[in-house]
Amino acid sequence: MDGRVDEPAGRRSRFLDSVERLGNALPDPIFIFVAIILVLVGVSVIGASAGWSAVNPVTGETLVVSSLLSEANVEKLFVEMPRTYTGFAPLGFALTIMLGASVAEKSGLLTALMRASLGGAPKNILVPMVFVLGMLATHANDAAYMVYVPLAGIVFAAAGRHPVLGLIAGWSGAAVGLSGNLFPGQYDVLLLGITETGARLLDPAWTMNPLGNWYFSIGIAVVFTAVGWWVLERVIAPRLGEWKGEGAEAELAGMKLTSVEKTGLIWAGVAALGVAGLATALVMWPGFTPLMDEAASGSQQMTPFFRSIAALLFLLFISTGWAYGAATGSIKSHREVVTMMVEGLGVILPYLVLIFFAAHFVAMFGWSNLGPITAIAGADQLRAMQAPPAVLLPLLATMSAWLDFLIASGSAKWAAMAPVATPMMMLLGISPEMTTAAYRVGDTVTNLISPLNPYVILTMVFAQRYMPGFRLGTMIAMALPLAAAFYVAGMLLTAVWVGLGIPVGPAAPVEYHVPGL
């Protein structure tokens, strides 16, 4: 690339610098939640004094705002604090899956899968292939950005293409993987678990379907791959120019799997087939179907299976990781498996701290009744506007996108939004699954350009290896066309999806009918 990376970008650069300074000036997300909780307490006191109320259309009960400084609520805060924390639905799902995923990662299985997938990628479809594999790599958590993205740069260099284009393709694919993916994963379970806490403010009987966004996620994956391929080839590649550096054959050779690693992958594949067989047997074995509710009708029969996804992912990760490690020698005893599980939980320690405050925010929102009252009042206002769901959901996605500049964590942001957005949309006839899907579209778009996203900075550092003058402004300039294209495509797909009433996932329709209405 020419000297453009070292030249000031005028107003655009000053704007991006201002965004960066603003983002750095914000407090840690934990203290953002603390501030929101303090505001919530104040609003609850005002609402209780003013007699704010609403009628729950499900139960017919008149809901009145309860002050969080009342004797009963203060007692509940202190007495129920451990239960409020450990009872937060997403916490159990995240811990369960991470126990298995840590074995798969630390045994070397996930890294080997990434290397195997990129080793012989054809040059003419390198961009979409790296993009799609980036989506799938999202299931490997941090490894997607720390391992897969730099490998994508090496592959592009070895193929004679600009390695920074490979970095951007792999990184944007991994970012998109949070909303669009070919397979469900732990992030689906995490977000839909948060959705459940919001939905139950209106309908206590509503239960989370871990596959509730699967069909929509596949749709996003297909559309964003096509759009991303076009933008990467037509907009970003010309900006980078031709790659004139030396090839990366030596590094690429280091990516090739050894015979031992190939054997490990075979053993891991056998273990994966075993888990798949177990899951099938638990659903279909004659006279013994613990993962199928034979008393239910239609797709509801599969509810136990859907809710067991976290347990099945745990079994899949730990069995395949252990099998791979045993074959390659990275795991020599069961004690090493336990050590990997312990060390793996260290990765999500910041999440465990954050979720303590998020859990209390959600719980206190429920105690105050402000959540359902706000949702009922907001639904009445939106219903008066007579705006169709095809308009409401893109608006929700846009709000999600803008909030990404304030709260980088997608789960933390949804924990703040779900108690209001989910029941509000339910009252307007939109299912919690569809609401969650729309939220995820908006969250993904600005993840590409938010200075609060640590992987934006990490990818920028990777790019500086090939282009020393590559700075944050350059990184944002590369990502902005992708973010804009994904935003437009995501909003259109959301509107069309809702308009056609296509199911969001198995047993997850777009519409929601309030019980009793």
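Residues numbered from 1 in each chain as written. Predicted model: local features only at pLDDT ≥ 70, side-chain atom pairs only at ≥ 80, totals over all residues. Heavy atoms only, no water.

Engineer: Please clarify how the packing of aromatic side chains should be interpreted in this entry.
Structural biologist: The relative placement of two aromatic rings is captured by the distance of their centres and the angle of their planes. Summed over the entire model, instances satisfying the criterion amount to six aromatic pairs. Summarising the aromatic geometry, the rings of Phe 216 and Trp 497 are spaced 5.1 Å apart at their centres and angled 75 degrees between planes, so their arrangement reads as edge-to-face. Here the residue Phe 216 occupies a position in helix α11 (residues 214-240), and Trp 497 occupies one in helix α23 (residues 472-500), the gap between them amounting to 281 residues. Overall, Trp 497 belongs to the buried group, its relative accessible area being 8%. Centre to centre, the rings of Phe 224 and Phe 486 are 4.6 Å apart; their planes meet at 15 degrees, and the pair counts as stacked. Of this pair, Phe 224 sits in helix α11 while Phe 486 sits in helix α23, and the two are 262 residues apart along the sequence. Following the ring pairs from residue to residue traces out a cluster consisting of Tyr 85, Phe 356 and Phe 357. (Phe/Tyr/Trp six-rings, centres within 6.5 Å; stacked < 30°, edge-to-face > 60°. Helix = DSSP H or I, 4+ residues; strand = E, 2+ residues; numbered from the N terminus. Buried < 20%, exposed > 50% of the residue type's maximum accessible area, 1.4 Å probe, protein only.)

Engineer: Can you help me understand the packing of helix α10 (residues 186-199) against helix α21 (residues 432-447) in this one?
Structural biologist: To characterise two packed helices, one gives the angle between the axes of the helices and the distance between these axes. Where α10 meets α21, the axes come as close as 10 Å, and the angle between the chain directions of the two elements is 125 degrees. Our classification of the angle between α10 and α21 gives oblique. In the crossing of α10 with α21, the sense of the turn from one axis to the other is right-handed. Side by side, α10 and α21 meet where Tyr 187, Asp 188, Leu 191, Leu 192, Thr 195 and Ala 199 of the first sit next to Pro 432, Thr 436, Tyr 439, Arg 440 and Asp 443 of the second. Of the residues that constitute the contact of α10 with α21, the class distribution is six nonpolar, two polar and three charged. (Axes fitted to C-alpha atoms, helices over the stretch in contact; angles between N-to-C directions. Parallel < 35°, antiparallel > 145°, perpendicular 65-115°, else oblique. Left-handed = near helix turned anticlockwise from the far one by under 90°. Contact = heavy atoms within 4.5 Å. Nonpolar A, V, L, I, M, F, W, Y, C, P; charged D, E, K, R; others polar.)

Engineer: Explanation requested: unusual backbone geometry in the structure shown.
Structural biologist: Most peptide bonds take the trans configuration, and most residues that are not glycine carry a negative phi. In this structure, Asn 369 is a non-glycine residue whose phi angle is positive, near 70 degrees. Despite not being glycine, Ala 507 shows a phi value in the positive range, around 60 degrees. Following the sequence through the fold, Ala 507 ends up in the segment after α23. Accessibility expressed as a relative area gives 26% for Ala 507, which makes it partly exposed.

Engineer: Sorry if this is basic, but what is going on with the environment of Phe 317 here?
Structural biologist: Residue position: Phe 317 is located in helix α15 (residues 309-328). Judged by its relative accessible area of 14%, Phe 317 falls in the buried class. On a C-alpha basis, the gap between Phe 317 and Ala 104 in space is 5.4 Å, while along the polypeptide they are 213 residues apart. In contact with Phe 317, other than residues within four places in its own chain, are Ile 97, Gly 100, Ala 101, Ala 104 and His 139.

Engineer: Teacher, can you tell me more about the pattern of salt bridges here?
Structural biologist: Oppositely charged side chains can pair when the atoms bearing their charge come close. With the rule as written, the count across this model stands at four salt bridges. Between Glu 80 and Arg 83 there is a salt bridge; the shortest N-O distance is 3.6 Å. For Arg 83, a relative accessible area of 61% translates into the label exposed. For the salt bridge of Arg 440 with Asp 188, the shortest nitrogen-to-oxygen distance reads 3.0 Å. Separated by 252 residues along the polypeptide, Arg 440 in helix α21 and Asp 188 in helix α10 bring together distant segments of the chain. The pair Arg 440 / Asp 188 is uniform in exposure class, with both members buried. (Salt bridge = Lys/Arg side-chain N within 4 Å of Asp/Glu carboxyl O.)

Engineer: Quick question: what am I supposed to make of α23 here?
Structural biologist: Residue pairs three or four apart in sequence face the same way in an α-helix, which turns once every 3.6 residues. Across its 29 residues, α23 extends 41 Å between first and last C-alpha, which sits within 8% of the 42 Å expected from 1.5 Å per residue. Bending of α23 peaks at approximately 35 degrees at the position of Ala 479, with proline Pro 481 no more than four residues after it. Backbone geometry just after α23 places Gly 501 at a positive phi near 70 degrees. (Expected span 1.5 Å × (residues − 1). Bend = angle between axes of the 7 residues up to and from the residue.)

Engineer: I tried to follow the packing of helix α9 (residues 163-176) against α11 on my own but got confused; where do I start?
Structural biologist: Their axes nearest at 11 Å, the elements α9 and α11 cross at an angle of 155 degrees. When the interaxial angle is binned, α9 and α11 end up roughly antiparallel. In the crossing of α9 with α11, the sense of the turn from one axis to the other is right-handed. Here Val 164, Leu 165, Ile 168, Ala 169 and Val 176 of α9 lie close against α11, whose contacting residues are Phe 224, Leu 232, Ile 236, Ala 237 and Leu 240. Here the contact of α9 with α11 is composed, by residue class, of ten nonpolar, no polar and no charged.

Engineer: What is the right way to look at the side chain of Thr 225 in this model?
Structural biologist: Its place among the elements puts Thr 225 in helix α11. Overall, Thr 225 belongs to the buried group, its relative accessible area being 13%. Dropping the residues within four chain positions of it, Thr 225 is found in contact with Pro 128, Phe 131, Val 132, Met 135 and Ile 220.

Engineer: How should the environment of Phe 361 be read in this particular structure?
Structural biologist: Tracing the backbone through its elements, the reader meets Phe 361 in helix α17 (residues 349-368). For the pair Phe 361 and Leu 38, spaced 323 residues apart in the sequence, the C-alpha separation amounts to 9.6 Å.

Engineer: Is there a simple way to explain a nonpolar patch on the surface in this structure?
Structural biologist: A contiguous nonpolar patch, built from Val 39, Val 43, Ile 46 and Trp 52 and spanning about 360 Å² of accessible area, is present on the exposed surface. Among the structural elements, Val 43 can be located in helix α2 (residues 29-50). Judged by relative accessible area, which is 30%, Val 43 ranks as partly exposed. (Patch = residues over 30% accessible without salt bridge, like charges linked within 9 Å, V, L, I, M, F, W, Y side chains within 5 Å. Areas by Shrake-Rupley, 256 points an atom, 1.4 Å probe, with all protein chains shown as cover.)

All we've got here are geometric facts, nothing functional implied.
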